[in-house]
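# Descriptive analysis of the structure
Next come the chains, spelled out residue by residue.
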Amino acid sequence: QELLRVMRTIDDRIVHELNTTIPTASFVGKIDAGQTCKELYQSLMDAHTSREKIIKNCIAQTSSVVKTLREEREKAQDDLALLKQLRKEQTKLKLMQSELNVEEVVNDRSWKVLS
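Reading guide: rules and limits
- Residues numbered from 1 in each chain as written.
- Predicted model: local features only at pLDDT ≥ 70, side-chain atom pairs only at ≥ 80, totals over all residues.
- Heavy atoms only, no water.
- Helix = DSSP H or I, 4+ residues; strand = E, 2+ residues; numbered from the N terminus.
- Rg over C-alpha atoms; globule rule 2.2 N^0.38 Å.
- Buried < 20%, exposed > 50% of the residue type's maximum accessible area, 1.4 Å probe, protein only.
- Contact = heavy atoms within 4.5 Å.
- Phe/Tyr/Trp six-rings, centres within 6.5 Å; stacked < 30°, edge-to-face > 60°.
- Salt bridge = Lys/Arg side-chain N within 4 Å of Asp/Glu carboxyl O.
- Core = buried A, V, L, I, M, F, W, Y, C linked by side-chain atoms within 4.5 Å.
- UniProt positions renumbered as here; feature names shortened; annotations may be inferred.
- Patch = residues over 30% accessible without salt bridge, like charges linked within 9 Å, V, L, I, M, F, W, Y side chains within 5 Å.
- Areas by Shrake-Rupley, 256 points an atom, 1.4 Å probe, with all protein chains shown as cover.
- Lys, Arg positive; Asp, Glu negative; His and termini not counted.
- Charge placed at Lys NZ, Arg CZ, Asp CG, Glu CD.
- pLDDT = per-residue confidence, 0-100.

### Details of the overall build of the protein
- Check the secondary structure of the protein and you find five helices and zero strands.
- Listing the helices and strands of the protein from first to last along the sequence gives α-α-α-α-α.
- By the compact-globule yardstick of 13 Å for 115 residues, the protein is too spread out, its C-alpha radius of gyration being 21 Å.
- Across its three principal directions, the C-alpha atoms of the protein cover 75 × 20 × 15 Å.
- Split into buried and exposed, the 115 residues of the protein put 28% on the buried side.
- The long-range share in the protein, meaning contacts at least 24 apart out of those at least 6 apart in sequence, stands at 75%.

Have a look at this one:
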């Protein structure tokens, strides 16, 4: 979650990025606004793609752990430590799955601002 928070900095500062990227009337001839805007668009695309890939990778890994723990739990139903660990991993999995929804909201907001 901390990594995602840091990686979402570009989205959190999109208005500031646009204000510093797009030149005012006095700087129009000195800065290529089209190129600068394309670079901002590309960096936003890269950030969104990498975050989604990271979240999906975490979901896949955590799902695998949950599956393994469930199988172990089937064999040893009296093991409370195993049950506790399974619940902890299930909570982590739900948290990661909810991050996909958060990511969608963050991405939509950024694209609306950029548009």
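### Some thoughts on the packing of aromatic side chains
- Per the counting criterion, the structure on display carries one aromatic pair.
- With a centroid separation of 5.2 Å and an interplanar angle of 50°, the aromatic rings of Tyr-41 and Trp-111 are classed as tilted. Highlighted residues: Tyr-41 in helix H4 (residues 33–75) and Trp-111 in helix H5 (residues 80–114), separated in sequence by 70 residues.
- Looking at Tyr-41, the relative accessible area reads 40%, which means it is partly exposed.
- Overall, the relative accessible area of 22% leaves Trp-111 in the partly exposed class.

### Points about the pattern of salt bridges
- Enumeration over the complete set of coordinates arrives at seven salt bridges.
- In this structure, Arg-51 and Asp-11 form a salt bridge, with 2.7 Å as the shortest nitrogen-oxygen distance. Pair noted here: Arg-51 is in helix H4 and Asp-11 is in helix H2 (residues 9–12), with a separation of 40 residues, a long-range link.
- Here Glu-103 ties to Arg-51 by a salt bridge, and the two come within 2.6 Å at their closest N and O atoms. Highlighted residues: Glu-103 in helix H5 and Arg-51 in helix H4, separated in sequence by 52 residues.
- The class of Glu-103 is buried, set by a relative accessible area of 3%.

### Notes on the nonpolar core
- In terms of nonpolar packing, the biggest core is built from nine residues, these being Leu-4, Ile-55, Ile-59, Val-66, Leu-69, Leu-82, Leu-86, Leu-93 and Met-96.
- Those elements that place two or more of their residues in this core are H4 and H5.
- Grouped together as the second largest cluster of nonpolar side chains are seven residues, Leu-40, Leu-44, Ala-47 and Leu-114 included.

### Topic: the UniProt feature "coiled-coil region" (unreviewed entry) in the protein
- Under the UniProt annotation, "coiled-coil region" (unreviewed entry) lies at residues 59–93.
- Helix and strand shares over residues 59–93 are 89% and 0% respectively, and the end C-alpha atoms of the span are 6 Å apart.

### A closer look at a negative patch on the surface
- Together, Glu-71, Glu-72, Glu-74, Asp-78 and Asp-79 make up a negatively charged patch on the protein surface.
- Structurally, Glu-71 is set in helix H4.
- For Glu-71, a relative accessible area of 43% puts it in the partly exposed group.

### A look at the confidence of the model for the protein
- Taken as a whole, the protein shows an average pLDDT of 86; of its residues, 90% reach a score of 70 or greater.
- Here helix H3 (residues 14–21) is the element of the protein with the lowest mean pLDDT, 76, and H5 is the one with the highest, 92.

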